[in-house]
Amino acid sequence: MIITIDGNPKLIREFLVDDFRLKVANEFKHEMVFSQGIGTSCANLIAQSKEEVLLVTYFDKEIGPIYKEKLGNPYLTIEDVTIKDSIQEEVLIQDSKESTFLYSPMPRLTREEINGLFIKFQEQLPNAHVALLLQQERDYFTGEFFSECVRIAYQKAIPNVVYTNEKDLDKIIGEKPYFLLVKKEDLEKWTNLKINFSHEAEKAANILFDQGVGNVLIISKDTGAILCTKEKTFRLSSDKPKDFQLNMNFVATGIALGIERKYDWETILKLGVAIGQVEEYFGRKPLDSAKIKETMNKFKVKEI
């Protein structure tokens, strides 16, 4: 089982119209309601891949039951904290030309509610084989909260897959993640090195290894993906540059899936990048597993 956290669950209401106009009544031809959030979307990907996943998050009493209903999947279990404020709702109005978004405010969380979320994670962590820990969009769950989750996974010897941005990179590295996913430009700033070639990636990775990081995947939209373990280095290439315009949270999800399934490193790398190409609002329709396999097969991985 894979465990993950969502620090800002949102209920999405999508309306399709032919030609949306302001200041007049608009008729919609289709409505869809689905649950979303960084952790939620990744948990949904895992569940649709038919692997067990535990999502730790928070809900209010009013919208929460709808959120859970829309996530209904036998592979997905939810452990939640009840909050006093309302979770965020988003309205997406989609016509033939453009999209219009409406948002409700993000909920205000008390210290007790935040601590409750961490306690839920800590209690459930021993039941998991892999912890998927992702950069959240709310300050409540970055910094100390985020690094503490990585630390507790390390202490309990649960392999963790971590994606973080430059802001929290130093804190996360200090907690010795098992698998770190990082953008090339963020790692360049942290190491003060240029990373344009494989040997430069290996040099940067060795600095991370000296800090206790287990494995590192460096993603560049220009040069592709380089996976460095302490024993081997792999480079994934593609003839199409757009193949590396990736959702980094989804890449991390693919890595976690591969580790859960005990794939070899080459397959884990292919799976991560293939799932990273899934559209953000994939909740509109089921995950196309055949397309994921097709995408994986077109990649070339070379051991350096």
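My aim in this report is to walk through the structure given alongside it, one point at a time. Starting from 1, residues in each chain are numbered consecutively following that chain's sequence as written. Under the rules for a predicted model, residues below a pLDDT of 70 receive no local features and side-chain atom pairs below 80 are neither given nor counted, while totals for whole chains, interfaces and linings still include all residues. Heavy atoms from the whole structure form the basis of all side-chain values; hydrogens and water molecules are not counted.

1. A look at the overall build of the protein
- Numbering of helices and strands runs from the N terminus, with a helix taken as a DSSP run of H or I at least four residues long and a strand as a DSSP run of E at least two residues long. Looking only at helices and strands, the protein features ten helices and 14 strands.
- Within these notes, the globule rule equals 2.2 Å times the number of residues to the 0.38 power, and the radius of gyration is based on C-alpha atoms. By the compact-globule yardstick of 19 Å for 304 residues, the protein fits well, its C-alpha radius of gyration being 20 Å.
- Its C-alpha atoms give the protein principal-axis dimensions of about 60 × 45 × 35 Å.
- The proportion of buried residues among the 304 residues of the protein is 53%.
- For the protein, contacts bridging at least 24 residues in sequence account for 65% of all contacts bridging at least 6.
- Surface exposure here means Shrake-Rupley accessible area, sampled with a 1.4 Å probe, where a residue is shielded only by the protein chains that are shown. As presented, the protein carries roughly 14,800 Å² of accessible surface, and 46% of it is formed by carbon and sulfur atoms.
- Neither His nor the chain ends is counted toward charge; the positive residues are Lys and Arg and the negative residues Asp and Glu. For the purpose of locating charges, the reference atoms are NZ of Lys, CZ of Arg, CG of Asp and CD of Glu. Both charge centroids of the protein, one from 41 positive and one from 47 negative side chains, sit 3 Å from each other. Relative accessibility under 20% of the residue-type maximum defines a buried residue, over 50% an exposed one, and the middle range a partly exposed one, all with a 1.4 Å probe and only protein chains included. Any pair of residues with heavy atoms lying within 4.5 Å of one another is described as a contacting pair.

2. Comments concerning the sheet that holds strand β13 (residues 233–237)
- One open sheet accounts for ten strands, arranged β5-β4-β1-β8-β9-β10-β11-β12-β13-β14; its pairing is mixed. For this open sheet the edge positions go to β5 (76–82) and β14 (300–303), each flanked by a neighbour on one side alone. Direction aside, the axes of adjacent strands within the sheet are offset by 20 degrees on average.
- Sheet topology places strand β4 (residues 53–59) next to β5; seven bridges connect them, and they run parallel. Looking at β5, one finds that Leu 55 is bridged to Ile 78.
- What counts as an axis is a line fitted to C-alpha atoms, over the stretch in contact for a helix, and the angles between N-to-C directions run from 0 to 180 degrees. Across the sheet, helix α4 (residues 144–155) touches β1 (2–5), β8 (130–134) and β9 (160–163), and the angle it forms with β9 is around 160 degrees.
- Of the strands in this sheet, β1, β8, β9, β10 (179–183) and β11 (215–220) are in contact with helix α8 (residues 248–260), which crosses β8 at around 175 degrees. DSSP-based pairing: two strands are paired if at least 2 bridges between them are found.

3. Digging into the packing of aromatic side chains
- Note on aromatic contacts: the rings of Phe and Tyr and the six-membered ring of Trp form a pair at centre separations within 6.5 Å, being stacked when their planes are under 30 degrees apart, edge-to-face when over 60 apart, and tilted otherwise. Considering all chains together, one arrives at seven aromatic pairs under this definition.
- Between Phe 101 and Tyr 103, the ring centres sit 6.2 Å apart and the planes meet at 10 degrees, which makes this aromatic pair stacked.
- Residue Phe 101 is classed as partly exposed on the basis of its relative accessible area, which comes to 35%.
- Tyr 103 gets classed as exposed once you look at its relative accessible area, which sits at 52%.
- With 4.9 Å between their ring centres and 80 degrees between their planes, Phe 141 and Phe 145 make a pair best called edge-to-face.
- For Phe 141, a relative accessible area of 1% corresponds to the buried category.

4. A word on the side chain of Glu 260
- Mapped onto the elements of the fold, Glu 260 is located in helix α8.
- Salt bridge, as used here: a side-chain nitrogen of Lys or Arg that lies within 4 Å of a carboxyl oxygen of Asp or Glu. Buried charge without a partner: Glu 260 forms no salt bridge, and the closest opposite charge is Lys 262, 6.3 Å away.
- Within polar-contact distance, the side chain of Glu 260 engages the side chain of His 129 at 3.2 Å.
- Not counting chain neighbours up to four residues away, the residues in contact with Glu 260 comprise Met 1, Ile 2, Glu 51, His 129 and Val 130. Two N or O atoms form a polar contact when they lie within 3.5 Å of each other; inside protein one atom must be a possible hydrogen donor and the other a possible acceptor, and for residues adjacent in sequence the pair counts only when both atoms belong to side chains.

5. Quick word on the sheet that holds strand β6 (residues 88–94)
- Reading across the sheet, the four strands line up as β3-β2-β6-β7 and stay open at both edges, with mixed pairing between neighbours. Whereas interior strands pair on both sides, the edge strands pair on one side only; in this sheet they are β3 (28–36) and β7 (99–103). Each adjacent strand pair in this sheet contributes to an overall mean axis angle of 15 degrees, direction not counted.
- Judged from the eight bridges that link them, strand β2 (residues 10–17) and β3 form a sheet pairing that is antiparallel. Note that in β3 the partner of Arg 13 across the bridge is Val 33.

6. Considering the nonpolar core
- By nonpolar core we mean a set of buried residues, namely Ala, Val, Leu, Ile, Met, Phe, Trp, Tyr and Cys, connected to one another through side-chain atoms within 4.5 Å. Membership of the largest hydrophobic core comes to 95 residues, with the highest contact counts inside it found for Leu 132, Leu 133, Val 161, Leu 217 and Leu 269.
- For Val 161, the residues in contact, after removing those within four places along its chain, are Val 130, Ala 131, Leu 132, Leu 133, Phe 179, Ala 252, Ile 255, Ala 256 and Ile 259.

7. What to know about the packing of helix α1 (residues 38–48) against α8
- Close contact between α1 and α8 brings their axes to 10 Å; oriented N to C, the two are set at 40 degrees. With respect to each other, α1 and α8 are oriented oblique. Considering only the axes of α1 and α8, their crossing is right-handed. Residues Ile 38, Ser 41, Cys 42, Leu 45 and Ile 46 of α1 lie in contact with α8, whose contacting residues are Asn 249, Phe 250, Thr 253 and Leu 257.
- In this count, Pro and Cys sit with the nonpolar residues alongside Ala, Val, Leu, Ile, Met, Phe, Trp and Tyr, while Asp, Glu, Lys and Arg are called charged and the others, Gly among them, polar. Along the lines of polarity and charge, the residues of the contact of α1 with α8 split into six nonpolar, three polar and no charged. Under this scheme an angle from 65 to 115 degrees is roughly perpendicular, one under 35 degrees roughly parallel, and one over 145 degrees roughly antiparallel; angles in between are oblique. A clockwise turn of the near helix away from the far one marks a right-handed crossing, whereas an anticlockwise turn of less than a right angle marks a left-handed crossing.

8. Looking at unusual backbone geometry
- Its identity as a non-glycine residue notwithstanding, Lys 23 has a phi of 65 degrees, on the positive side.
- On the secondary structure map, Lys 23 appears in the loop between β2 and β3.
- Residue Asn 192 is not a glycine yet carries a positive backbone phi of 60 degrees.
- With respect to the helices and strands, the residue Asn 192 is situated in the loop between α6 (184–191) and α7 (198–210).
- Under the relative-accessibility criterion, Asn 192 is labelled exposed at 72%.

Purely geometric stuff here, so don't read any function into it on its own.
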